[in-house]
Amino acid sequence: IKVWNLSKETRAKLQQSKAVQVTLEAGYAEEMALLFKGEMRRPTSMRENVDVVTTFEAGDGETAMRAGRINETFKPGVGVGDVLSKLAKSLGVNADDALKVLKGAKLRQKLSTFANGVSLSGNSWHQLQRLLLGSGLEASVQNGVLQVLEAGKPTKDQAVVLRSDTGMIGSPEPGDKGIIKVK
């Protein structure tokens, strides 16, 4: 994400900040669409002619994927959806959409419960990948929400193009809690 001509004070504040949430929206007046929501990794600012361009490297759910931990044993007969919900909670992400996908999927040859129970211990993201292994499904975090899709398949959502000729008005500006806003 590139932002032009942030104040010197804002650039300094961003350099000192840890775990800055970045939200990028686009649209017209009341019809704003979320393009990206994630965490800033590294801001860098470079002078380009008369402008100062600040580039944000950002990732969606990266901290949760690295830091989320689970250590839980589930009783015999527990549903796969219940296990997925606990994993999502340990990651700090919403799993409602992922649970809908699971209901329609053939997870591990129609596995809907763990007859003997299951134990999960360690990094939550790795345990989630283990749960989905061999199911033909893959997981990602999109705008703070756990997304589970058929491997290699796109979502049904429509992509949004952000440019001045598609309706972007004004300039990016710092908002509350380090969130940079673009109209």
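Everything numeric here is computed off the predicted structure, so don't read it as measured data. (Residues numbered from 1 in each chain as written. Predicted model: local features only at pLDDT ≥ 70, side-chain atom pairs only at ≥ 80, totals over all residues. Heavy atoms only, no water.)

Turning next to helix H1 (residues 8-16). For H1, the set of buried residues is Thr-10, Arg-11 and Leu-14. Projection of H1 onto a plane perpendicular to its axis shows the buried side chains occupying an angular sector of 100 degrees, all on one side. Seen from the open side of H1, the exposed residues pointing more than 90 degrees away from its buried face are Lys-8, Glu-9, Lys-13 and Gln-16. (Buried < 20%, exposed > 50% of the residue type's maximum accessible area, 1.4 Å probe, protein only. Helix = DSSP H or I, 4+ residues; strand = E, 2+ residues; numbered from the N terminus. Arc of directions from axis to C-beta.)

Considering every residue of the chain, the mean pLDDT works out to 82; 86% of them sit at 70 or more. By mean pLDDT, the top-scoring element of the chain is strand E5 (residues 69-74) (96), and the lowest-scoring one is strand E12 (residues 180-181) (69). (pLDDT = per-residue confidence, 0-100.)

As a further point, take the pairing of strand E4 (residues 51-59). Working note: regular strand, side chains alternate between the two faces of the sheet. With 3 bridges connecting them, strand E1 (residues 2-4) and E4 associate as antiparallel partners. Of the residues in E4, the one forming a bridge with Val-3 is Thr-54. Strand direction decides the pairing type here: strand E3 (residues 31-48) and E4, joined by 9 bridges, are antiparallel. In the strand pairing of E4, Met-46 is matched with Val-53. Between E3 and E4, which pair antiparallel in sequence order, lie 2 residues; one of them, Asn-49, sits at a positive phi of approximately 60 degrees. (Pairing = 2+ DSSP bridges.)

At a minimum axis separation of 9 Å, helix H3 (residues 80-91) and helix H5 (residues 124-132) run at an interaxial angle of 155 degrees. On the basis of their axis angle, the class for H3 and H5 is roughly antiparallel. Handedness of the crossing formed by H3 with H5: left-handed. On the side of H3, the interface is formed by Val-80, Val-83, Leu-84, Leu-87, Ser-90 and Leu-91, while H5 contributes Ser-124, Trp-125, Gln-127, Leu-128 and Leu-131. Class assignment of the residues belonging to the contact of H3 with H5 gives a composition of 8 nonpolar, 3 polar and no charged. (Axes fitted to C-alpha atoms, helices over the stretch in contact; angles between N-to-C directions. Parallel < 35°, antiparallel > 145°, perpendicular 65-115°, else oblique. Left-handed = near helix turned anticlockwise from the far one by under 90°. Contact = heavy atoms within 4.5 Å. Nonpolar A, V, L, I, M, F, W, Y, C, P; charged D, E, K, R; others polar.)

Attention now goes to the sheet that holds E3. Strand order across the open sheet formed by 4 strands is E1-E4-E3-E2, with antiparallel pairing between neighbours. Since the sheet does not close on itself, it has two edges, and those belong to E1 and strand E2 (21-28), each with one partner. Strand-to-strand, the axes of this sheet are offset by a mean angle of 45 degrees, without reference to chain direction. When E2 meets E3, the two strands line up antiparallel, connected through 8 bridges. Within E3, the residue paired with Gly-27 across the bridge is Met-32. Across the sheet, H1 lies against E3 and E4, angled at about 95 degrees from E3, the strand it touches most.

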